[in-house]
Amino acid sequence: VDDDVTIAISAESEMRTRMMALARAREARPTKKFSGGSAIDYRNIMIRFDVAVADESLSGRDKVLELVHWYDGAMATMVESFAARSDAENAYKEVREELDRMFGASSDNIVPLVDQLKSGKIIAGDDYDAHLAFYAELVRAESTATALGQRLLLDRFDTCGKIVEKRLPYMA
């Protein structure tokens, strides 16, 4: 009898853990689904996704079904098609590989990120909202560069100088 109780308690605990992990993943869903963009945009959304589903209790099928909610349009349809496969763990691996191929995630280069920072509008010295938005861009770039292991390249004096010259010429 003790073994049956222990098994039942263990099964209930595993079920609750999985339900909590699914709820955390649901809460982490982006407000705007990804439908395309740069490799950096793709990497950022997938980093967020990986954090949201980083729980051993979630199966490959759980992850594929959650991934559908992170994409829009044709991408969501493609991701959803992998959920029907019988080998869920392999399906999750394959959908990730397919997305990586589509969005060029094999690139670990921050050059597009720096170009993106330099290409924005020039910010006037008294434009508080533009400075706040630019700061958010910089924090996002820093997070991405750190995730790619290229933070030192972003922090280089010449890189920072080029960004400041283009976006904040009053400071240059």
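Small disclaimer: the values here were computed from a predicted structure and weren't measured.

The rules behind each value
- Residues numbered from 1 in each chain as written.
- Predicted model: local features only at pLDDT ≥ 70, side-chain atom pairs only at ≥ 80, totals over all residues.
- Heavy atoms only, no water.
- Helix = DSSP H or I, 4+ residues; strand = E, 2+ residues; numbered from the N terminus.
- Salt bridge = Lys/Arg side-chain N within 4 Å of Asp/Glu carboxyl O.
- Axes fitted to C-alpha atoms, helices over the stretch in contact; angles between N-to-C directions.
- Parallel < 35°, antiparallel > 145°, perpendicular 65-115°, else oblique.
- Left-handed = near helix turned anticlockwise from the far one by under 90°.
- Contact = heavy atoms within 4.5 Å.
- Nonpolar A, V, L, I, M, F, W, Y, C, P; charged D, E, K, R; others polar.
- Phe/Tyr/Trp six-rings, centres within 6.5 Å; stacked < 30°, edge-to-face > 60°.
- Buried < 20%, exposed > 50% of the residue type's maximum accessible area, 1.4 Å probe, protein only.
- Core = buried A, V, L, I, M, F, W, Y, C linked by side-chain atoms within 4.5 Å.
- Arc of directions from axis to C-beta.

Peer 1: So what's going on with the environment of Asp 129? Which residues, and what values?
Peer 2: By secondary structure assignment, the location of Asp 129 is in helix α7 (residues 128-147). Between the C-alpha atom of Asp 129 and that of Arg 18, which follows or precedes it by 111 residues, the distance is 42 Å.

Peer 1: Report on the pattern of salt bridges, specifying residues and quantitative values.
Peer 2: Per the stated rule, a full pass over the model turns up 14 salt bridges. The residue Arg 167 makes a salt bridge to Glu 137 at a minimum N-O spacing of 3.4 Å. Placement of the pair is Arg 167 in helix α9 (residues 157-167) and Glu 137 in helix α7, with a sequence separation of 30 residues. One salt-bridge network, held together by shared partners, links Glu 142, Arg 151 and Asp 155.

Peer 1: Lay out the packing of helix α3 (residues 60-67) against helix α4 (residues 74-83) in plain terms, naming residues and giving numbers.
Peer 2: At a minimum axis separation of 8 Å, α3 and α4 run at an interaxial angle of 160°. Overall, the two elements α3 and α4 adopt an arrangement that is roughly antiparallel. As α3 packs across α4, the resulting crossing turns out to be left-handed. Residues Arg 61, Val 64, Leu 65 and Leu 67 of α3 form the contact with α4, whose participating residues are Val 79, Phe 82 and Ala 83. For the contact of α3 with α4, the residue count by class is 6 nonpolar, no polar and 1 charged.

Peer 1: Pulling in residues and values, what's your account of the packing of α3 against helix α5 (residues 88-103)?
Peer 2: The contact between α3 and α5 brings their axes to 7 Å, and the two run at 40°. The orientation of α3 relative to α5 falls into the category oblique. Taken together, the residues of α5 that come into contact with α3 (itself represented by Gly 60, Arg 61, Lys 63, Val 64 and Leu 67) are Ala 88, Glu 89, Ala 91, Tyr 92, Val 95, Arg 96 and Leu 99. Here the contact of α3 with α5 is composed, by residue class, of 7 nonpolar, 1 polar and 4 charged.

Peer 1: I'd like to hear about the environment of Ala 172, residue by residue, with values.
Peer 2: Among the secondary structure elements, Ala 172 is positioned in the segment after α9. Expressed as a C-alpha distance, the spacing of Ala 172 and Gly 161, which sit 11 residues apart in the sequence, is 7.7 Å. Ignoring any residue separated from it by four or fewer positions in sequence, one finds Ala 172 in contact with Val 164 and Glu 165.

Peer 1: Describe the packing of aromatic side chains, naming the residues involved and giving the relevant values.
Peer 2: In the structure shown here, the tally under the stated rule is 5 aromatic pairs. A centroid spacing of 6.2 Å and a plane angle of 55° characterise the contact between Phe 34 and Tyr 42, whose relative ring orientation is tilted. The pair formed by Phe 34 and Tyr 42 is uniform in burial state, with each residue classed as buried. Pairing Tyr 42 with Phe 103 gives two aromatic rings, centres 5.2 Å apart and planes at 20°, and the pair type is stacked. Of this pair, Tyr 42 sits in helix α2 (residues 39-52) while Phe 103 sits in helix α5, and the two are 61 residues apart along the sequence. The same class applies to Tyr 42 and to Phe 103, which are both buried.

Peer 1: Please set out the nonpolar core residue by residue, giving values where relevant.
Peer 2: Counting 26 residues, the largest nonpolar core has Tyr 42, Leu 67, Tyr 71, Val 79, Val 95 and Leu 99 as its most contacted members. Those elements giving two or more residues to this core turn out to be α1 (2-27), α2, α3, α4 and α5. In contact with Val 95, other than residues within four places in its own chain, are Val 64, Leu 67, Val 79 and Phe 82. In this structure, Leu 113, Val 114, Leu 117 and Ile 123 belong to the second largest nonpolar core, which totals 13 residues.

Peer 1: Mind laying out α4, listing which residues take part and the relevant values?
Peer 2: Along α4, the residues that are buried comprise Met 75, Ala 76, Met 78, Val 79, Phe 82 and Ala 83. For α4, the angular spread of buried residues about the axis comes to 165°, placing them on one side. Along α4, the residues that are exposed and aim more than 90 degrees away from the buried face are Ala 74 and Thr 77. Against the buried residues of α4 lie α3 and α5.

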